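Overview (structure and organization)
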Amino acid sequence: MGIRVDIALIFTFTSIIWLILLLPFKFTTDKKYRSSLGVLWGAILGGIIFFNIGDILYFGFVNRHLNNELSLIGNDVGILVDMVVDFYLLQTILGTLFYFLIVYFFYRVFNTDIQNKNIRQREWANMLLVIIISFIGIRGKLDGISFGTSDAFAVNKVSSGNLALNGFFCYYRGGTIQCTDHSAVKPQEAIQRVKKSLNSEKFEFIDSSFPLMRKSRNTTKKGYNVVIIMIESLSARYLDELAHNNFKVTPTLDKLAKEGQLFTNFYANGQRSQEGITTIYTGLTQPVGFENLGEGLELYSPSYLGDMAHKNGYSTLAMQSSDRGSFRVDKLSALAGFREYYGAEDIERTGDETGQPNYGAWDGNSLRFLSSKLKTIKEPFVSFCFTASTHSPFYSPGKKWEKYPHDVKSENGFLNTLNYVDVQIKEFMQRSKKEPWFDNTIFIFTADHANQTKISNEKNVNTANTYLPEFHIPLIIYAPKIIEPKRSDIISSHSDIIPTIIDILGWKNPFTTIGNSLFDKSVKNRFAFVKMGSIVGLSDSDGSIYYNFKDLISKKGSISDENKQLLLSIDSAQAYLLKNSKWMKKD
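Residues numbered from 1 in each chain as written. Predicted model: local features only at pLDDT ≥ 70, side-chain atom pairs only at ≥ 80, totals over all residues. Heavy atoms only, no water.

Side note on the nonpolar core
Formed by 124 residues in total, the largest nonpolar core has its most connected members in Tyr281, Phe384 and Trp507. Setting aside residues up to four positions removed in sequence, Phe384 forms contacts with Ile228, Met230, Ile277, Ile280, Tyr281, Leu317, Ala318, Met319 and Phe338. Listed in part, the 14 residues of the second largest apolar core include Leu66, Phe147, Leu165 and Cys170. (Core = buried A, V, L, I, M, F, W, Y, C linked by side-chain atoms within 4.5 Å. Buried < 20%, exposed > 50% of the residue type's maximum accessible area, 1.4 Å probe, protein only. Contact = heavy atoms within 4.5 Å.)

Some details on the packing of helix α8 (residues 187–198) against helix α17 (residues 561–579)
The geometry of α8 relative to α17 is characterised by a closest axis approach of 8 Å and an angle of 115° between their N-to-C directions. You can see that α8 and α17 cross each other, and the crossing is left-handed. Here α8 contributes Pro187, Gln188, Ala190, Ile191, Arg193, Val194 and Ser197 to the contact with α17, which in turn contributes Glu562, Gln565, Leu566, Ser569, Ile570, Ser572, Ala573, Tyr576 and Leu577. Within the contact of α8 with α17, the residues separate by chemical class into nine nonpolar, five polar and two charged. (Axes fitted to C-alpha atoms, helices over the stretch in contact; angles between N-to-C directions. Helix = DSSP H or I, 4+ residues; strand = E, 2+ residues; numbered from the N terminus. Left-handed = near helix turned anticlockwise from the far one by under 90°. Nonpolar A, V, L, I, M, F, W, Y, C, P; charged D, E, K, R; others polar.)

Description of the sheet that holds strand β10 (residues 486–493)
Strand order in the open sheet formed by eight strands is β6-β5-β7-β3-β8-β9-β4-β10, with mixed pairing between adjacent strands. Two strands in the sheet have a free side with no partner beyond their single neighbour: β6 (340–342) and β10. Between one strand axis and the next, the sheet turns by 15° as a mean value, whatever way the strands run. Bridge analysis of strand β4 (residues 261–267) against strand β9 (residues 475–478) gives three bridges, and the strand direction is antiparallel. When the bridges of β9 are listed, Gln261 appears paired with Ile477. Its contacts with the sheet put helix α10 (residues 251–259) on β3 (225–231), β4, β8 (441–447) and β9, and the angle it makes with β9 is roughly 65°. (Pairing = 2+ DSSP bridges.)

The following block contains the structure:
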């Protein structure tokens, strides 16, 4: 399969050069003409190889190939350059030298003299043969649609496809709205199955034209404040209270987990920060092949947390430790209806951290800034803060927070930065407890996604009963005067956060999500629907399975046949309703 992927790429991007070189005309034997085409051939092939070197490095961070991440770089190009110069300088130099070596090799090959310059009539027939071979090579197969990412799975495992595919192929031919088939289940059948799985005593479906749109049956409004803190790259296994791995770097989060509600089987819906923010802001897991929020997904009218808050008389604030435009959070926050927004450019350096963070401001400065803003914002309020100090590479904020020998590339570096963030959360909570709004506030601590970095001294940790470890993150809901302490093992995900907030606060806004309130005991089927690049998956309490838009693959545990069909139905229903403007009714 890997050979087929490579052939499809090479034929797609170089076959036109073969045709031009083989034209049965005298000028094709000219040395300058041929050497120019040789340089072009080498530049294209070298570029593909250079791209795939970067993809191999990227794979080490997230365990999947590049897909549409390059379209999301935006204002983070400076950070990318810093990583290339500082973190991967040797690989960049060697990759660049290899690129020019390939270009030079093709130049030398095509700069040689042609011994036989006679043009024969049969070369016209050869041209037809080359065109046929090129066509077959580009398509990758004779029948059906062209060879795509889903065809690369020789066996039904995610690892099989990852081994066969490469980043350039995934970027060029995988996961686009044009080639992703979301019709595994007929639309009406898919919608009915999803509705059945979402059935709840707390929410009711309200419009047959928008079949998944719901609202709360609860008529009692409560004016609680909400503070959401989303921690960068925090896997569930790093919380000792949750995974018992004795890392000893999260004492604050462990204490909050004991005193609040800890959800032990909580999952991110994606593997990128923007996917996590999108789901928390809208309740929507971005379907494979659809545009990102801020680049087209907003045209389908998703539910927005900030807008719902305003309609219920809430003030709203969003911020992140990175620069305002990093991960496009500025645009996403505005779309979601957050009226105030801040980034690193707004945050003063007020602590004793040393050195310069890789992303914007140190989280301690960010949380102190958030504390100052929450002093003046009008109640009730909904606020959102996205941290950054635990993002790789793991630059140290100072020796005082280092519990392990620090290394920007190892797990020690991550643990030290996590220890630092945990201390900053402790200080933030201490300041919050002194505020008059504290007793009336619900704090939600979670992560954007799990830590996918392949780190050199990673411990062998227990992942029993976790069927999607690549997505397993913590969720702590802390409100000592409002919510009783509890440890919950129900399967849940980012998609459940908006319904949970609506349920707790008694909002009457219509909304559409593939999730339910975490405090709704009437829900019979709990699951987590996730997206891994151009693959989707689902986990219930008994197992998990993925779908590569061709087959169901990588089954673990004993997931029910009903939930296998639910996985296909969620994908089909989401795509159908979004494409047909039936996801949410516009105001």
